[in-house]
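# Results of the structural survey
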Amino acid sequence: MAALPAIGRAAVLTAPGRRFELRELPVPDPEPDAMVVRVLATTICGSDLHVYDGSTPSALPSVLGHEICGGIVAFGDGPRLDSFGTPIAEGDRIIWTQGYCGHCHECSVLKEPVLCANRRTAMQDPDAFPYVSGGFSEYCYVWPTAERIRVPDDVPDTWAAIASCAGRTVTRAHRSLGQFDPSQTVVIQGTGPIGLLACAFYSLLGPRRLIVIGAPKERLRLASEWGADAVIDITVEAAPDRAEHVRELTGGRGADVVFEMSGGRTAFAEGVDLVAPGGRYIVIGQVFPSQQAIDASLITRRQLKITGSVSAEGVDQLRAISFLARNRDRFDWNALLSPPRGFAGVDEAVRAMAELREIKPVFIPG
Ligand SMILES: [Zn+2]
Ligand SMILES: [Zn+2]
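Residues numbered from 1 in each chain as written. Chains lettered and ligands numbered in written order. Predicted model: local features only at pLDDT ≥ 70, side-chain atom pairs only at ≥ 80, totals over all residues. Heavy atoms only, no water.

### Notes on the coordination of the zinc ion (ligand 2)
The condition is simple: For Na, K and Ca the donor cut-off is 3.2 Å, while for other metals it is 2.8 Å, and in both cases only N, O and S atoms qualify; water is not among them, so sites may look incomplete. Square planar and octahedral assignments, for four and six donors respectively, both demand that opposite donors be over 155 degrees apart and that all other angles lie between 65 and 115; tetrahedral needs four donors with all angles between 85 and 135 degrees, and anything else is irregular. Every helix listed is a DSSP run of H or I at least four residues long, and every strand listed is a run of E at least two residues long, numbered separately from the N terminus.
Surrounding the zinc ion (ligand 2) are the protein donor atoms C101 (SG), C104 (SG), C107 (SG) and C116 (SG), at 2.3 to 2.4 Å. Geometry at the zinc ion (ligand 2) is tetrahedral, judged from its four donor atoms and the angles of 103 to 124° they form at the metal. Coordination of the zinc ion (ligand 2) draws on donor residues from a single chain, spaced C-x2-C-x2-C-x8-C in sequence. Separated by 15 residues along the polypeptide, C101 in the loop between strand 6 (93–96) and helix 2 (105–108) and C116 in the loop between helix 2 and strand 7 (139–142) bring together distant segments of the chain.

### Some remarks on helix 6 (residues 239–249)
Which entries qualify depends on this criterion: Partly exposed residues are those whose accessible area sits between 20% and 50% of the maximum for their type, while under 20% is buried and over 50% is exposed, using a 1.4 Å probe and protein chains only. By definition, the arc is the one covered by directions from the helix axis to the C-beta atoms. By definition in these notes, contact holds between two residues if any of their heavy atoms fall within 4.5 Å.
For helix 6, the full list of buried residues reads R242, A243, V246, R247 and L249. Down the axis of helix 6, the buried set is contained in an arc of 165°. They therefore lie on one face. Structural note: helix 6 exposes P240 and E248 on the side pointing more than 90 degrees away from its buried face. Where the residues of helix 6 are buried, they touch strand 9 (185–189), strand 10 (209–214), strand 11 (230–233), strand 12 (255–260) and helix 7 (267–272). G251 occupies a position one or two residues after helix 6 and carries a positive phi of about 65°.

### Observations regarding helix 4 (residues 193–204)
Rule in force here: The length a helix should cover is 1.5 Å for every residue beyond the first.
For helix 4, spanning 12 residues, the distance from its first C-alpha to its last is 17 Å, which sits close to the expected 16 Å at 1.5 Å a residue. Counting buried residues along helix 4, 11 of its 12 residues qualify, which places the element largely inside the surrounding structure. Every buried residue belonging to helix 4 is among P193, I194, G195, L196, L197, A198, C199, A200, F201, Y202 and S203, and all of these are buried. Phi for G206, located one or two positions after helix 4, is positive at around 65°.

### Details of the packing of helix 3 (residues 157–177) against helix 9 (residues 314–326)
So the rule is basically this: Fitting a line to C-alpha atoms yields each axis, with helices limited to the stretch in contact; the angle taken between N-to-C directions then spans 0 to 180 degrees. With respect to orientation, any angle under 35 degrees is reported as roughly parallel, any angle over 145 as roughly antiparallel, any angle of 65 to 115 as roughly perpendicular, and every other angle as oblique. Asp, Glu, Lys and Arg are counted as charged, while Ala, Val, Leu, Ile, Met, Phe, Trp, Tyr, Cys and Pro are counted as nonpolar; the rest, among them Gly, fall into the polar class.
Closest axis-to-axis distance for the helix 3/helix 9 pair is 7 Å, and the angle between their directions is 110°. In terms of axis orientation, helix 3 runs roughly perpendicular to helix 9. Between helix 3 and helix 9, the residues in contact are W159, I162, A163, S164, G167, R168, T171, R172 and R175 and V315, D316, Q317, R319, A320, I321 and L324, respectively. Grouping the constituent residues of the contact of helix 3 with helix 9 by class yields seven nonpolar, four polar and five charged.

### Side note on the sheet that holds strand 2 (residues 21–26)
Formally: Pairs of strands are assigned from DSSP output, requiring at least two bridges between the strands.
Reading across the sheet, the three strands line up as 2-1-4 and stay open at both edges, with antiparallel pairing between neighbours. Each of the sheet's edge strands pairs with one partner strand only, and the pair in question is strand 2 and strand 4 (62–63). Direction of pairing for strand 1 (residues 7–13) relative to strand 4: antiparallel, over a ladder of two bridges. Looking at strand 4, one finds that V12 is bridged to V63.

### Notes on the pairing of strand 5 (residues 67–75)
With nine of nine residues buried, strand 5 is to be regarded as a mostly interior element. Sheet topology places strand 3 (residues 35–43) next to strand 5; eight bridges connect them, and they run antiparallel. Each bridged residue has a counterpart across the sheet, and for V36 the counterpart in strand 5 is A74. Examined bridge by bridge, strand 5 and strand 6 share two bridges and lie antiparallel to one another. Paired with G70 across the strands is I94, a residue of strand 6.

### Thoughts on the packing of aromatic side chains
Note the following rule: Ring pairs are drawn from Phe, Tyr and Trp, using the six-membered ring of Trp, whenever the two centres fall within 6.5 Å, and their geometry is named by plane angle: stacked under 30 degrees, edge-to-face over 60, tilted for the rest. Comment: the charge-over-ring label is applied if NZ (Lys) or CZ (Arg) is within 6 Å of the ring centre and within 35 degrees of the ring normal.
One pass over the full model with this rule turns up 16 aromatic pairs. Aromatic pair W226 and W333: ring centres 5.2 Å apart, planes at 75°, arrangement edge-to-face. In this pair, W226 is assigned in the loop between helix 5 (217–225) and strand 11 and W333 in the loop between helix 9 and helix 10 (346–354), connecting sequence segments 107 residues apart. Judged by relative accessible area, W226 falls into the buried class, the value being 2%. Judged by its relative accessible area of 1%, W333 is buried. When the centroid spacing of 5.6 Å and the interplanar angle of 10° are considered together, the rings of F268 and Y281 count as stacked. Placement of the pair is F268 in helix 7 and Y281 in strand 13 (residues 275–283), with a sequence separation of 13 residues. Aromatic ring contacts, followed pair by pair, group F180, F201, Y202, W226, F259, F323, F331 and W333 into a single cluster. The ring of Y139 carries R38 above its face, with NZ or CZ at 5.5 Å from the centroid. The aromatic ring of F288 is capped on one face by R265, whose charged end is 4.2 Å from the ring centroid.

### Some words on the environment of V155
Within the element layout of this structure, V155 appears in the loop between strand 8 (148–150) and helix 3. Here V155 falls in the buried class, since its relative accessible area comes to 3%. Through-space distance from the C-alpha of V155 to that of R326 is 9.9 Å; in sequence the pair is 171 residues apart. Ignoring anything within four residues of it in the chain, the contact list for V155 reads R93, A160, I321, A325 and R328.

### Points about the nonpolar core
The criterion, for reference: Remark: nonpolar core denotes a set of buried residues (Ala, Val, Leu, Ile, Met, Phe, Trp, Tyr, Cys) joined through side-chain atoms within 4.5 Å.
Judged by nonpolar contacts, the single largest core of 47 residues is most densely connected at I188, W226, F259 and W333. For this core, the secondary structure elements donating two or more residues are helix 3, strand 9, helix 4, strand 10, helix 5, strand 12 and helix 9. Among the elements that make up this core, the one with the highest residue count is helix 3 (nine residues). In contact with W333, other than residues within four places in its own chain, are W159, L197, A200, W226, F323, L324, N327 and R328.

### Focus: a nonpolar patch on the surface
Rule in force here: Patch definition: residues above 30% relative accessible area lacking any salt bridge, with like charges linked at up to 9 Å and the nonpolar side chains Val, Leu, Ile, Met, Phe, Trp and Tyr linked at up to 5 Å. Accessible areas in this description were obtained via Shrake-Rupley with a 1.4 Å probe; residue shielding takes into account the shown protein chains only. We count a salt bridge whenever a side-chain nitrogen from Lys or Arg sits within 4 Å of a carboxyl oxygen from Asp or Glu.
Together, V109, L110, L115 and V310 make up an exposed nonpolar region whose accessible area comes to about 330 Å². Following the sequence through the fold, L115 ends up in the loop between helix 2 and strand 7.

Here it is, written out as C-alpha cells:
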C-alpha cells in the first residue's frame, strides 16, 4: 500500500461561478477513527451546482464534491470495521456520511443525525484541517464519526459514488414516506439523477400509477424505460396543464404520494396541488432559500402530510448500494453517467450538469 503523501491536488472553488483553482493541499494524518482515502470517483450532485452558482449560500473557498467513492489509504487508531461490522483494510473501497457529534439535541434526543447542529460535512475550508474534505481532489478525509460502508467488489466506483448521495437520498425519502402500498399513485417531480433513480425504485414497488414530470426529452424517455407509466414534459405543458394532466391520470384525485425532486423554483407550490386528499408530499429538492406562494387551505382541506427529507444516514447508503447492485440487469445505471473528466475538465463537468446536457458528470482525479 502506498504511503500517505504529504500533499494532494484539489480543485478549489474560490467564488461562485469562478473557474476552479488547482491547488496542492496538505494530506493530514487521520485522527483516531478517521481515515484518509484516495478519491477513485466523484459524481456531481445537484447541491454542488447550487454551491457553485451561489444559490445555496456557502463558505468559500472550498473543495466541492461530496458523492465520492474512495480507496482507504490510511486509518487513524480504532477498529477497522465499517459501520455495519464488515472488516475494512487499506485498499478497500468505501463510501461514507458526514460526521455527527452524537451529543447535540438533534443527535441525542431527536435521533436525527442528519440535523446534527455540529455536523462535519465535505467541502470545508481547504486552508484549515483536514484540508482535503471534498471530492474534486486526489485525497479526501473521512471524519471520525462518519458512518462508512465497504463497497462490495462487484459494484463499480461510479455506482458507489451515486449511492453515497443521490441513491441514499431516494432510499431515505422512502424511509421518510413510511407506509406505502401498491394501491397508491406516485408522482415524481424532477428528472435529475434523484428523480430518475426514484422512478426506478418505485417502479419496482408496483404503484398503481407512476408519473414523472420533467425535461429534457431524453430523460423522460429514460424515465419511461425505467418504469414510468406516464411522463409529463415541462417544456411542452404549462403548470396548470400539468396539474390537469396528473388529475386525468389519477381518476381526478391527484397522487397519493408526490416527491419534489426537481429543485425547481416553483416546484413546491405546484406539487402541493398535485397531492390527492389524504396524500403525502415528500420535499427533497428545495435546498436553497426560496419563497413560493401556495394555497395553504389545500393542506387543511385535503389533510395533506408534507414532510421534508434532507441528506441521509449510513443505512440509507447501504440500501442504495444494494438497490443499485441488485437491479443492475433491469436498469442501465451507466445511462446516468458521462465519460470521466480529470482536473482540467471540472469546470466543463459542472457547466454540463447545470445546462442539463449531462445527467451525472464524473470526476476521476488525473
Ligand atoms: Zn448530494
Ligand atoms: Zn449532533
